[in-house]
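Structural features, examined
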Amino acid sequence: VERRIKREPSQYIIGEQEFWGLAFKVTPDVLIPRPETELLVEETVKIVGGQPTILDLCTGSGCIAISLAKEIPGCKVYAIDISERALEVAMENAERHDVAGRITFLQGDMFKPLNGLNIKADIIVSNPPYISKKMMADLESEVKDYEPVTALYGGEDGLDFYRRIVSDASAYLTASGYLMLEMGCGQAEKIRNLIGQSNIFEAITVIKDFSGIDRIIKAQRKG
């Protein structure tokens, strides 16, 4: 009760958060999984076929990678995070849900750990940091004072990670492969423009969450 009075999130106090019907260990080293991120899993499941290779950037607790591995038994997942401590939590969660054998966890900055591995993904998914400098100041204490800044802050306008993903994705995505990204409120138009201007993708689609907010953007690499 004393910790909660200080605005520490209940998930960190309990050490757990449910996502996609699964219980995930969470610590202050990882972002607490949000219900709206389940939409990213749901939309990814809709487009997969066969035994896809999936790349999860900024994996954090591993909730996206692990949920996809549970939902798509034949898939192979590569999950990347810059934080070693976040990956330790993600690996523990993968063991807990019996999918550790199909997820390769890699530490590093975005796509860099894949250099030299000759890996092409059928789907790249990510819930990257997307909070802008202005939005950071307005966050609730539970988020601003306790969740990892590296998992929240996306640069001056919140779009730094999207620029990097869109710029580099073609080197790691199969022909006709999909890019699936979660985004923040009010960012859809700018991210759609980023993807469109790259001339790499087509069939760019924005999907709203249950609150009517543009939450997921989906694009297919030109074949």
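These notes cover the structure that comes with them. (Residues numbered from 1 in each chain as written. Predicted model: local features only at pLDDT ≥ 70, side-chain atom pairs only at ≥ 80, totals over all residues. Heavy atoms only, no water.)

Residues Leu-22 and Phe-24 point to one face of strand 2 (residues 22–25) and are all buried, whereas Ala-23 and Lys-25, pointing to the other face, are not buried. Where strand 1 (residues 16–19) lies against strand 2, four bridges are found, and the strand directions are antiparallel. The partner of Glu-16 across the bridge, within strand 2, is Lys-25. Between strand 1 and strand 2, which pair antiparallel one after the other, the connecting turn spans two residues, and Trp-20 there sits at a positive phi close to 55 degrees. (Buried < 20%, exposed > 50% of the residue type's maximum accessible area, 1.4 Å probe, protein only. Helix = DSSP H or I, 4+ residues; strand = E, 2+ residues; numbered from the N terminus. Pairing = 2+ DSSP bridges.)

In terms of nonpolar packing, the biggest core is built from 35 residues, with Leu-55, Phe-111 and Ile-124 touching the most fellow members. For this core, the secondary-structure elements that each account for two or more residues are strand 3 (53–57), strand 4 (76–81), strand 6 (121–126), helix 8 (160–168), strand 7 (173–182), helix 9 (188–197) and strand 9 (214–221). Tallying contributions element by element places helix 8 first for this core, with four residues. Once residues lying within four places of it in the same chain are set aside, the contact partners of Phe-111 are Leu-55, Leu-57, Ile-124, Arg-164, Ile-165, Asp-168, Ala-169 and Tyr-172. Core analysis: the second largest hydrophobic core is formed by 28 residues, Ala-65, Ile-66, Ala-69 and Ile-207 among them. (Core = buried A, V, L, I, M, F, W, Y, C linked by side-chain atoms within 4.5 Å. Contact = heavy atoms within 4.5 Å.)

A separate point is the packing of helix 3 (residues 38–47) against helix 4 (residues 63–71). Relative orientation of the contacting elements helix 3 and helix 4 amounts to 35 degrees, with a least axis distance of 10 Å. Of the two possible hands of crossing, helix 3 and helix 4 adopt the one that is right-handed. Residues Leu-40, Val-41, Thr-44 and Val-45 of helix 3 pack against Ile-64, Ser-67, Leu-68 and Glu-71 of helix 4. In the contact of helix 3 with helix 4, the residues fall into five nonpolar, two polar and one charged. (Axes fitted to C-alpha atoms, helices over the stretch in contact; angles between N-to-C directions. Left-handed = near helix turned anticlockwise from the far one by under 90°. Nonpolar A, V, L, I, M, F, W, Y, C, P; charged D, E, K, R; others polar.)

In this fold, Leu-22 is placed in strand 2. Considered as a pair, Leu-22 and His-97 are 75 residues apart in the sequence and their alpha carbons are 8.1 Å apart. Contacts of Leu-22, omitting those with residues within four sequence positions, involve Gln-17, Ile-66, Ser-67, Lys-70 and His-97.

Shape descriptors only; they carry no functional weight alone.
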